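# Tertiary structure, described
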Amino acid sequence: MVEVKASAQAAPSLPFRVGHGFDLHRLEPGLPFIIGGVKLEHDRGCAAHSDGDVLLHCVVDSILGALGLPDIGQLFPDNDPQWKGASSDVFMREAVRRMKDMGYRVGNIDCTIILQRPKFSPVKEQVKRNLCELLECGPEAVNVKAKTHEKVDSLGENRSVAAHTVVLLVRAEEAAVHSTR
């Protein structure tokens, strides 16, 4: 991982922070297809330097963005051989560590996966459970949904997969106060 220096001014300690993530990967034959840490049966998989998990990459970027930190590509550059084939849960654990170090936790996260095939519904709950574990939060804080792209462009033609996420981070002490009420 590349250590990136913080900006000259420290980010203010806000009661909550919002981040958006987006990722897209090309699909190619013969590669594993992993979304949210779950392998899907498909004749194609994500072309990427790491395992190409479009959802976890997206979640990492939304957390880092909410914290005002550099993006996943700056922290885990695709020209660094140590990340070749790496499991994306490594990136997630680092983003969550940084989130906790800065005094935040997940308030909630909303995830949308865009893919034409295969059907996502058979693995949806498994992906949600995996996200809850990685984010160290309960299922009430995680929403996962999937959409097709109605056979339009590379997404609809099964040549790519994309994800969007929006995350709300709350100060850890604020969350603890509200959970005891």
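First, a word on scope: everything that follows refers to the structure included in this document.

Analysis parameters
Residues numbered from 1 in each chain as written. Predicted model: local features only at pLDDT ≥ 70, side-chain atom pairs only at ≥ 80, totals over all residues. Heavy atoms only, no water. Helix = DSSP H or I, 4+ residues; strand = E, 2+ residues; numbered from the N terminus. Buried < 20%, exposed > 50% of the residue type's maximum accessible area, 1.4 Å probe, protein only. Contact = heavy atoms within 4.5 Å. Areas by Shrake-Rupley, 256 points an atom, 1.4 Å probe, with all protein chains shown as cover. Core = buried A, V, L, I, M, F, W, Y, C linked by side-chain atoms within 4.5 Å. Pairing = 2+ DSSP bridges. Axes fitted to C-alpha atoms, helices over the stretch in contact; angles between N-to-C directions. Polar contact = N/O pair within 3.5 Å; in protein donor to acceptor, adjacent residues only side chain to side chain. Patch = residues over 30% accessible without salt bridge, like charges linked within 9 Å, V, L, I, M, F, W, Y side chains within 5 Å. Salt bridge = Lys/Arg side-chain N within 4 Å of Asp/Glu carboxyl O.

Bringing the overall build of the chain into the picture now. Of the regular secondary structure elements, the chain holds six helices and seven strands. The N-to-C order of helical and strand elements in the chain reads β-β-β-β-α-α-α-β-α-β-α-β-α. Here the chain, with 181 residues, has 47% of them falling under the buried criterion. The contacts of the chain with a sequence gap of at least 6 include a subset with a gap of at least 24, amounting to 75%. On the chain, roughly 9400 Å² of surface is accessible, and the fraction owed to carbon and sulfur atoms is 53%.

The nonpolar side chains of a soluble globular protein tend to be buried, and buried together. Judged by nonpolar contacts, the single largest core of 47 residues is most densely connected at I35, L131 and L135. Here this core gets nine residues from one element, more than from any other, and that element is helix 1 (residues 54-66). Among all residues touching I35, those that are not within four sequence positions of it are L40, D53, V54, L55, I113, L115, F120, V127 and V161.

Below, the discussion takes up the sheet that holds strand 7 (residues 160-171). Within the open sheet, the five strands sit side by side as 4-1-7-5-6. Their pairing is mixed. The sheet is open, and its two borders are formed by strand 4 (44-46) and strand 6 (142-147), each paired with just one other strand. Neighbour-to-neighbour, the strand axes of this sheet turn through a mean angle of 20°, independent of strand direction. Of the pairings in the sheet, the one linking strand 1 (residues 16-29) to strand 7 comprises 11 bridges and is antiparallel in character. By the bridge assignment for strand 7, H25 is matched with V161. Sheet contacts for helix 1: strand 1, strand 5 (104-114) and strand 7; angle to strand 1, the most-contacted strand, approximately 155°.

Inspection of the secondary structure assignment puts T112 in strand 5. With a relative accessible area of 16%, T112 lands in the buried category. Among the polar contacts listed, one links the side chain of T112 to the side chain of K145, at a separation of 3.1 Å. Excluding anything up to four places from it in sequence, T112 contacts K145, K147, A162, A163 and H164.

All right, on to a nonpolar patch on the surface then. Taken together, F16, V18 and V166 make up a surface patch of nonpolar side chains, about 280 Å² in accessible area. Relative to the elements of secondary structure, V18 occurs in strand 1. We classify V18 as exposed; its relative accessible area is 53%.

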